[in-house]
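Fold and contact review
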Amino acid sequence: MSDAHAFIALDSAACTSCLVCARECPDWCIHIEQHSETLAGDGRPRTVKLLDSFVIDWSSCMFCGICIEVCPYDALSWAPKPVVAESTRAGLAYGISELADPKMDDEG
Ligand code: SF4
Ligand code: SF4
């Protein structure tokens, strides 16, 4: 049970770069970069936000789960994988690939 709340996974395909999680995180440990693109279609062109980078800084995270609760698109979830100890703060900043759902990535 303790493992289940040890890691937050990001489904980057579900993330719309809305920034809600970053704004609501009490420790400001989610950092998102995105850009807008206008898509031309059959109807009116529409502007969408595209995710460039999404980083959780585990050195500040207190595992409160607020980011998971507030995400309107269920793009964040608890995952049963511990964050690996690092000797540098930079090593505790996980990006999109490291935050991918680790169920398929059991390094033992
Ligand atoms: S669990 Fe809490 S502290 Fe950690 S990234 Fe989410 S909102 Fe921020
Ligand atoms: S709240 Fe959800 S959809 Fe919005 S930026 Fe965060 S992870 Fe992505």
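For the structure itself, look to the data block above.
This write-up is about the structure you can find in this document. (Residues numbered from 1 in each chain as written. Chains lettered and ligands numbered in written order. Predicted model: local features only at pLDDT ≥ 70, side-chain atom pairs only at ≥ 80, totals over all residues.)

Considerations on the overall build of the protein chain
- A tally of regular secondary structure across the protein chain gives three helices and five strands.
- Sequence-ordered secondary structure for the protein chain, helices as α and strands as β, is β-α-β-β-α-β-β-α.
- Counting across all 108 residues of the protein chain, residues that qualify as buried make up 16%. (Helix = DSSP H or I, 4+ residues; strand = E, 2+ residues; numbered from the N terminus. Buried ≥ 20, exposed ≤ 12 C-beta atoms within 10 Å, placed from the backbone.)

Considerations on the site of ligand 2
- As a structural note, the neighbourhood of ligand 2 is formed by Cys15, Thr16, Ser17, Cys18, Leu19, Val20, Cys21, Ile32, Cys71, Tyr73, Ala75 and Leu76.
- When grouped by side-chain class, the residues that make up the shell around ligand 2 number ten nonpolar, two polar and no charged. (Near = placed C-beta within 6 Å. Nonpolar A, V, L, I, M, F, W, Y, C, P; charged D, E, K, R; others polar.)

Description of the sheet that holds strand S5 (residues 93-94)
- The three strands lie next to each other as S2-S3-S5, forming an open sheet whose pairing is antiparallel. Of all the strands in the sheet, the pair left with one neighbour each is strand S2 (30-39) and S5.
- Of the pairings in the sheet, the one linking strand S3 (residues 46-57) to S5 comprises two bridges and is antiparallel in character. If you follow Ile56 over to S5, its bridge partner there is Tyr94. (Pairing = 2+ DSSP bridges.)

Some remarks on the nonpolar core
- Counting residues in hydrophobic clusters, the biggest one holds 17 residues, and the most contacted among them are Ile8, Leu10, Cys21, Cys67 and Leu76.
- Mapped by element, the contributors of at least two residues to this core are strand S1 (7-10), S3 and strand S4 (76-79).
- In terms of residues, this core owes the most to one element, S1, which gives four residues.
- When near neighbours in sequence (up to four residues on either side) are disregarded, Cys21 contacts Ile30, Cys67, Val70, Cys71 and Leu76. (Core = buried A, V, L, I, M, F, W, Y, C linked by C-beta atoms within 7 Å. Contact = placed C-beta atoms within 7 Å.)

A few points about the environment of His31
- Structurally, the position occupied by His31 is in strand S2.
- Given 14 C-beta atoms within 10 Å, His31 falls into the partly exposed group.
- In contact with His31, other than residues within four places in its own chain, are Ala22 and Val55.

Here's the deal with unusual backbone geometry
- Phi is positive for Leu19, close to 75°, though the residue is something other than glycine.
- Among the secondary structure elements, Leu19 is positioned in the loop between S1 and helix H1 (20-24).
- Positive phi is not limited to glycine here, since Asp74 has a value of about 55°.
- The residue Asp74 is located in the loop between helix H2 (66-70) and S4 in this model.

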